[in-house]
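Here is how the chains run, residue by residue.
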Amino acid sequence: MDLTQHIRNTFIHRFGAEPIIVRSPGRINLIGEHTDYNDGLVLPAAIDKAVYVAVKENPHNVMRLVSDEYKDVVEVPVANLAPSSAKPWTNYIVGVADQFQKRGFKVGGFDLVIAGDVPLGAGLSSSAAVECATAYALNEIFAYGLERLELVKLAQLAEHEFAGVKCGIMDQFASVFGKNDHLIKLDCRSLEYTYIPIDLTGYKLILFDSCVKHSLASSAYNTRREECESGLRMIQYYYPEVKSLRDATLEQVVECIKPVDQTVYKRCVYVVMEINRVELACEDLLRHDLASFGQRMFQTHAGLSCEYEVSCAELDFLVDQVKHFPSVIGARMMGGGFGGCTINLIAEDSVNQVTEAVTQSYQQKFAVAPRVYEVAPSAGTAVLV
Ligand code: GLA
């Protein structure tokens, strides 16, 4: 049975009514990491793995939340919304309801069943998918009339306030705005975006999941954000016209930060170079030069590992291993870091060989097999029934 049918049956069985069902996908990011909260560019795509919510209003002024994954039922009065440390999975749903309330919308009682096939804690933004599915569904059932971009911003704020991660806008944007067979080149300052067709003929996008859960990384993520802000202030002291690291040049980073703070210097060098790299990578794609694009993915990994320091031994190992195979034309850690997946561009006919070799060597070294996912750029958030 597919997930849509399964979640519908669960809802009807439990609540005896017909829900609407919203699907919101996880995301990958081809290049442009830790650039979104620096007003930079990113190149994500929604994927063919998603979160599904079945939702209908109820007359009780209570949210009744049912999770397939956690075999859990939680009741939350809509008049009293706060983050929960006992049931963290509910934060992504309740946090969204809270954001609607903060914007002055009346949130009535509702029933919600959630399920999905986005691996949790693997860096595929399952949390953004939950937030976006919830935001979209509540916008539908309570007819708030918000546009997609507003839902994206609201979902991002829910993550800030109820999950405690000061994330950028990339994950929620990709989940909502995904398009089949396309990447999204998003300017995180203007929020202008263009869809870039990705022609992967002969290649596959393969993720190797280190199985290192990155959920403990939120504080380190927030620290990186603060380091960027601190670097920006050092530049602004001399160049007040620089509004974000997006505007900064490498020369300014060297001049203003290097003499003051070596760590902040490394972080900012990475960000400035990465923003530039996304532009060049997009040009590669438009020229159908996947080989050059892949080289930039390797460069991004090096920067994330050595300068931004958000990789870990497991992710570095996965990237190093695939370098033995000329058929792997690009690889890097993906997302916030400290665990999760690497993303790999692999020639189709060697996917099995590479996967077997990497699985074996990883297992030998870390005593656990990496999970392997093939992903394809897919459509964004939508109502299914
Ligand atoms: C996480 C955040 C995003 C982005 C990436 C790193 O996924 O949620 O906003 O900052 O890390 O690129």
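Position labels on residues start from 1 in each chain and follow its written sequence. Local features in a predicted model are, by the rule used here, given only for residues with pLDDT of at least 70; side-chain atom pairs are given and counted only at 80 or more, and totals for whole chains, interfaces and linings are based on all residues. Values shown for side chains rest on all heavy atoms present in the structure; no hydrogens or waters enter the calculation.

Engineer: Even after reading the chapter, I still don't get the site of the ligand, so can you show me in this structure?
Structural biologist: Here a residue is considered near a molecule or strand provided that any single heavy atom belonging to it is located within 4 Å of it. What surrounds the ligand is the set Arg-27, Glu-33, His-34, Asp-36, Tyr-37, Cys-167, Gly-168, Met-170, Asp-171, Tyr-221, Gly-335 and Gly-336. Note that an oxygen atom of the ligand is positioned 2.5 Å from one of the side-chain N or O atoms of Asp-36. In the analysis that follows, any N or O atom pair within 3.5 Å is treated as a polar contact, provided that within protein one partner can donate a hydrogen and the other can accept it, and provided that, for residues neighboring in sequence, both atoms belong to side chains. Residue Gly-168 places a main-chain N or O atom 2.8 Å away from an oxygen atom belonging to the ligand. Only Asp, Glu, Lys and Arg are considered charged in this grouping, and only Ala, Val, Leu, Ile, Met, Phe, Trp, Tyr, Cys and Pro are considered nonpolar; every other residue, Gly among them, is considered polar. A class-by-class count of the residues in the shell around the ligand yields four nonpolar, four polar and four charged. Segmentation of the chain into domains, including their bounds, is taken from an automatic or database domain assignment. Here the shell around the ligand spans two domains, and each of domain 1 (3-199 + 379-383) and domain 2 (203-375) adds at least three residues to it.

Engineer: How should the environment of Val-242 be read in this particular structure?
Structural biologist: Runs of E in the DSSP output that reach at least two residues are strands. Runs of H or I that reach at least four are helices, and both are numbered from the N terminus. Relative to the helices and strands, Val-242 is located in the loop between helix H6 (218-238) and helix H7 (250-256). With a relative accessible area of 2%, Val-242 lands in the buried category. Counting along the chain gives 186 residues from Val-242 to Lys-56, while the straight-line C-alpha distance between them is 47 Å. Those residues in contact with Val-242, other than ones at most four positions away along the chain, are Leu-232, Ile-235, Gln-236, Asp-247, Ala-248 and Gln-252. Exposure is judged per residue with a 1.4 Å probe applied to protein chains only, and the accessible area is read against the type maximum: over 50% gives exposed, under 20% gives buried, and values in between give partly exposed. Contact criterion: two residues are considered in contact whenever any of their non-hydrogen atoms come within 4.5 Å of each other.

Engineer: I tried to follow the layout of surface pockets on my own but got confused; where do I start?
Structural biologist: Empty space left among the atoms is revealed by rolling a probe the size of a water molecule over them. Using protein atoms alone on a 1 Å grid, points that fit a 1.4 Å probe yet trap it form a cavity, whereas open point sets bounded by protein on both sides within 12 Å along at least five of seven lines form a pocket; residues with an atom within 4 Å of a point count as lining. Grid points are joined across faces, edges and corners, and a volume is the space filled by probe spheres set on the points. Its boundaries defined by the atoms lining it, the largest pocket holds a volume of some 1100 Å³. In this structure, the largest pocket is lined by 47 residues; those nearest its centre are Tyr-92, Gly-121, Ser-126, Ser-127 and His-214. Contributions of two or more residues to the lining of the largest pocket are made by strand S6 (110-116), helix H3 (126-141), helix H4 (148-163), helix H5 (170-177) and H6. Residue contributions to the lining of the largest pocket peak at four residues, all from H3.

Engineer: Mind showing me how you'd approach the environment of Asp-117 here?
Structural biologist: Here Asp-117 lies in the loop between S6 and H3. For Asp-117, a relative accessible area of 37% corresponds to the partly exposed category. On a C-alpha basis, the gap between Asp-117 and Lys-56 in space is 22 Å, while along the polypeptide they are 61 residues apart. Ignoring sequence-local partners within four residues, the contact set of Asp-117 consists of Leu-3, Lys-49 and Ala-50. A distance of 2.7 Å separates a polar side-chain atom of Asp-117 from the backbone nitrogen of Ala-50.

Engineer: So what exactly am I meant to see when it comes to unusual backbone geometry here?
Structural biologist: Negative phi characterises most residues that are not glycine, and trans characterises most peptide bonds. Located in the positive-phi region is Asn-61, a residue other than glycine, with phi close to 60°. Residue position: Asn-61 is located in the loop between strand S3 (44-57) and strand S4 (62-67). In this structure Asn-61 comes out as partly exposed when scored by relative accessible area, which is 44%. In the Ramachandran plot, Ser-125 falls in the positive-phi region, its phi being about 65° despite a non-glycine side chain. Locating Ser-125 in the fold gives a position in the loop between S6 and H3.

Engineer: Got a minute to help me understand the packing of H4 against H5 in this structure?
Structural biologist: When two helices pack together, their arrangement is given by the angle between the helix axes and the distance between those axes. Angles here are taken between N-to-C directions and fall from 0 to 180 degrees, while the axes themselves are lines fitted to C-alpha atoms, restricted in helices to the stretch in contact. Two elements in contact, H4 and H5, have axes whose closest approach is 9 Å; the angle formed by their N-to-C orientations is 140°. Note on packing geometry: the crossing formed by H4 with H5 is right-handed. Here Arg-148, Leu-149, Val-152, Ala-155, Gln-156 and Glu-159 of H4 come into contact with H5, specifically with Gln-172, Phe-173, Val-176 and Phe-177. Each crossing gets its hand from how the near helix is turned against the far one by less than a right angle, where anticlockwise is left-handed and clockwise is right-handed.

Engineer: I'm lost on the packing of aromatic side chains in this one. Help?
Structural biologist: A ring pair, where both rings are aromatic, is described by two values, the distance of the centres and the angle of the planes. Working definition: rings of Phe, Tyr and Trp (its six-membered ring) pair if their centres are within 6.5 Å, and the pair is stacked with planes under 30 degrees apart, edge-to-face with planes over 60 apart, and tilted otherwise. Evaluation of the coordinates by the stated rule reveals 16 aromatic pairs. Ring plane angle 35° and centroid distance 4.6 Å describe the contact between Phe-100 and Tyr-144, whose orientation is recorded as tilted. A residue pair is termed long-range when its members are at least 10 positions apart, and Phe-100 in helix H2 (residues 91-102) and Tyr-144 in the loop between H3 and H4 qualify at 44 residues. A connected cluster of aromatic rings, assembled from ring pairs, spans Phe-100, Phe-105, Phe-110, Phe-142 and Tyr-144.

Engineer: Whenever I open this one, the nonpolar core confuses me. Can you help?
Structural biologist: Nonpolar side chains tend toward joint burial in soluble globular proteins. Judged by nonpolar contacts, the single largest core of 92 residues is most densely connected at Ile-28, Leu-43, Phe-100 and Phe-110. Counting residues per element, this core draws most heavily on helix H8 (residues 262-286), which supplies twelve residues. Looking at which domains feed residues into this core, each of domain 1 (3-199 + 379-383) and domain 2 (203-375) supplies at least three. Non-local contacts of Leu-43, meaning those with residues more than four positions away in its chain, are made with Asn-29, Leu-30, Ile-31, Leu-183, Ile-184, Lys-185, Ile-196, Val-278, Cys-282, Leu-285 and Phe-293. To qualify as a nonpolar core, a set must consist of buried Ala, Val, Leu, Ile, Met, Phe, Trp, Tyr and Cys residues joined through side-chain atoms within 4.5 Å.

Engineer: Can you walk me through the sheet that holds S6 in this structure?
Structural biologist: Paired through their backbone hydrogen bonds, the strands of a sheet run either parallel or antiparallel. With mixed pairing, six strands are arranged side by side in an open sheet as S5-S4-S6-S3-S1-S13. Of all strands in the sheet, those with a lone pairing partner are strand S5 (72-77) and strand S13 (382-383), marking the two edges. A pair of strands is labelled paired if DSSP reports no fewer than 2 bridges between them. Note: S4 against S5, six bridges, orientation antiparallel. Bridge pairing links Leu-65 to Val-74 in S5. Each of strand S1 (20-29), S3, S4, S5 and S6 is contacted by helix H1 (residues 3-15), which is oriented at about 145° to S6, the strand it contacts most. Here H3 sits on the sheet and contacts S1, S3, S6 and S13; the angle it forms with S3, its principal contact strand, is near 45°.

Engineer: Quick question: what am I supposed to make of the pairing of S3 here?
Structural biologist: Looking along a regular strand, one sees side chains alternate from face to face of the sheet. Burial analysis of S3 places eleven of its 14 residues in the buried class, which makes it a mostly covered element. Strand direction decides the pairing type here: S1 and S3, joined by nine bridges, are antiparallel. By the bridge assignment, Ser-24 is partnered in S3 with Val-51.

Engineer: Looking at this model, I keep getting lost on the pairing of S6. Mind explaining?
Structural biologist: With six of seven residues buried, S6 is to be regarded as a mostly interior element. Looking at chain direction, S3 and S6 are connected through seven bridges and run antiparallel. Across the sheet, the residue bridging to Val-51 is Gly-116, located in S6. Sheet topology places S4 next to S6; five bridges connect them, and they run parallel. Residue pairing in the sheet places Val-66 in a bridge with Val-113 of S6.

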